Amino acid sequence: MIDTIKLPLPQKDLTFPLMKALEKRRTIRKWKNDPLSDQELSNLLWAACGITKEETKRSKSKRTSPSACNSQSIKIYVAIEKGLFLYDEKEHQLIQILSEDIRENIGTQKTMHSAPVGLIYVSDFSKMKNFLFRNDEQRWFFSGADTGFVSQNVYLYCAARNLSTVVLGLVNREKLHKVIGLKEHEKIILTQVIGYSLNE
Ligand SMILES: Cc1cc2nc3c(=O)[nH]c(=O)nc-3n(C[C@H](O)[C@H](O)[C@H](O)COP(=O)(O)O)c2cc1C
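For every chain, the first residue of its written sequence is number 1, and the numbers climb from 1 along that sequence. In view of the model being predicted, local features appear only for residues whose pLDDT reaches at least 70, and side-chain atom pairs are presented and counted only at 80 or more, with totals across whole chains, interfaces and linings using the full set of residues. The side-chain quantities take in all heavy atoms of the structure and omit both hydrogens and water.

- Per an unreviewed UniProt entry, the protein chain goes by Nitroreductase family protein and derives from Candidatus Methanofastidiosum methylothiophilum.

In structure tokens:
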């Protein structure tokens with residue numbers, strides 16, 4: 001059954017010193033089994049690539065993360081126990097894509113399968129039409145760069161909120177592509193797992 005989860009508004013007034021977040025930012029491969037609260041997911045996804053400036057008739061919206069030519073080709077699929085969802089940043093909601101738990105496909109390392117949340121960074125090459133993206137090599141290059149910014153936003157949010165996270169390059173992209181049912185022009189770049197830290 002297709003379902004939509006309307007996320008609570010992101011808590012944009014949360015405070016944590018940026019310099020401390022940079023200092024604390026770390027890859028941590030252990031977490032609690034508890035699912036993330038909807039509020040935590042809301043904040044995390046907004047931090048990743050939420051809207052910071054609405055679109056107007058003349059200009060496209062802006063996000064927390066930069067993208068080459070503001071292509072905004074990166075979209076985030078969210079794998080949780082309840083299924084697979086697509087983050088719709090315009091409406092700040094999660095659109096259900098699958099009702100199965102697909103987290104065992106998030107990365108090839110077994111430890112990653114137990115993470116409560118798996119983010120899948122997918123680049124939609126059909127959104128990369130500018131002269132800058134003249135061939136697939138360029139599209140892959142800029143998709144990798146743009147994903148790095150999204151992932152770092154997630155890392156910094158996790159550092160500020162005592163969450164564990166790991167960005168993953170070790171992914172069976174071909175299999176995951178099939179599991180999600182992606183189209184040819186949709187490319188999996190990286191994935192990233194998140195969970196509450198074991199350290200209080
Ligand atoms: C593009 C990229 C891919 C990565 N892939 C993996 C991975 O598949 N599995 C893993 O355990 N860590 C992965 N990492 C995490 C790195 O191992 C980690 O960032 C590095 O050891 C430095 O640790 P730090 O992030 O705590 O500074 C990846 C990091 C980056 C930037």
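**Structural notes on the site of the ligand**
Phase 1 of the analysis: Within the structure, the ligand sits among R25, R26, T27, R29, Q109, M112, V166, V167, L168, G169 and L170.
Phase 2 of the analysis: R29 places a side-chain nitrogen or oxygen 2.7 Å from an oxygen atom of the ligand.
Phase 3 of the analysis: Pairs of N or O atoms are called polar contacts if they sit within 3.5 Å, as long as, within protein, a hydrogen donor faces a hydrogen acceptor (for residues adjacent in sequence, only side-chain-to-side-chain pairs). Within the contact set of the ligand, a nitrogen atom lies 2.8 Å away from a side-chain nitrogen or oxygen of Q109.
Phase 4 of the analysis: Expressed as a share of its isolated accessible area of 620 Å², the protein-covered part of the ligand is 58%.
Phase 5 of the analysis: Residues belonging to the shell around the ligand are distributed by class as follows: five nonpolar, three polar and three charged. Nearness here has a simple test: a residue counts as near a molecule or strand if at least one of its heavy atoms is within 4 Å of that partner. The method behind every accessible area is Shrake-Rupley, applied with a 1.4 Å probe, and residues are considered shielded solely by the protein chains displayed. We call Asp, Glu, Lys and Arg charged. Ala, Val, Leu, Ile, Met, Phe, Trp, Tyr, Cys and Pro are nonpolar, and the rest, Gly among them, are polar.

**Some thoughts on the environment of T147**
Phase 1 of the analysis: Each helix corresponds to a stretch of at least 4 residues labelled H or I by DSSP, and each strand to a stretch of at least 2 residues labelled E; elements are numbered beginning at the N terminus. Structurally, T147 is set in helix 3 (residues 136-161).
Phase 2 of the analysis: Sequence separation of T147 and V122 is 25 residues, and the distance between their C-alpha atoms is 8.5 Å.
Phase 3 of the analysis: With near-sequence residues (within four places) excluded, T147 lies in contact with I74, Y121, I189 and L190. In what follows, residue pairs with any heavy atoms lying within 4.5 Å of each other are defined as contacts.

**What about the sheet that holds strand 4 (residues 74-80)?**
Phase 1 of the analysis: DSSP calls a pair of strands paired once it identifies at least 2 bridges connecting them. In spatial order, the strands read 1-6-5-4-7-9-8; together these seven strands make up an open sheet with antiparallel pairing. With partners counted over all chains shown, the strands left at the sheet margins are strand 1 (4-6) and strand 8 (163-168), one partner each. Strand-to-strand twist of the sheet, defined as the mean angle between neighbouring strand axes without regard to direction, takes the value 25°.
Phase 2 of the analysis: Sheet topology note: the strand 4/strand 7 (residues 117-124) ladder contains six bridges and is antiparallel. In the strand pairing of strand 7, I74 is matched with S123.
Phase 3 of the analysis: Against the sheet, helix 2 (residues 38-49) touches strand 1, strand 4, strand 5 (83-88), strand 6 (93-98), strand 7, strand 8 and strand 9 (186-196), its axis set at about 160° to strand 4.
Phase 4 of the analysis: Docked against the sheet, helix 4 (residues 173-180) engages strand 4, strand 5, strand 6, strand 7 and strand 9, running at close to 90° with respect to strand 9. Every axis corresponds to a line fitted to the C-alpha atoms, with the helix fit spanning only the stretch in contact, and the corresponding angles, defined between N-to-C directions, vary from 0 to 180 degrees.

**Remarks on the UniProt feature "domain: Nitroreductase" (unreviewed entry) in the protein chain**
Phase 1 of the analysis: The residues that UniProt annotates with the feature "domain: Nitroreductase" (unreviewed entry) are residues 23-196.
Phase 2 of the analysis: Annotated as 28% helix and 28% strand, the span residues 23-196 places its first and last C-alpha atoms 19 Å apart. UniProt positions are given in the numbering used here, feature names are shortened, and annotations may be inferred rather than shown by experiment.

**Some remarks on unusual backbone geometry**
Phase 1 of the analysis: One non-glycine residue, N70, adopts positive backbone phi at about 50°.
Phase 2 of the analysis: Positive phi outside glycine occurs at N162, with the angle close to 60°.
Phase 3 of the analysis: Checked against the element boundaries, N162 lands in the loop between helix 3 and strand 8.
Phase 4 of the analysis: The exposure class assigned to N162 is partly exposed, which follows from its relative accessible area of 31%. Burial here depends on accessible area, computed with a 1.4 Å probe over protein chains only, as a share of the maximum for the residue type. Under 20% is buried, over 50% is exposed, and the range in between is partly exposed.

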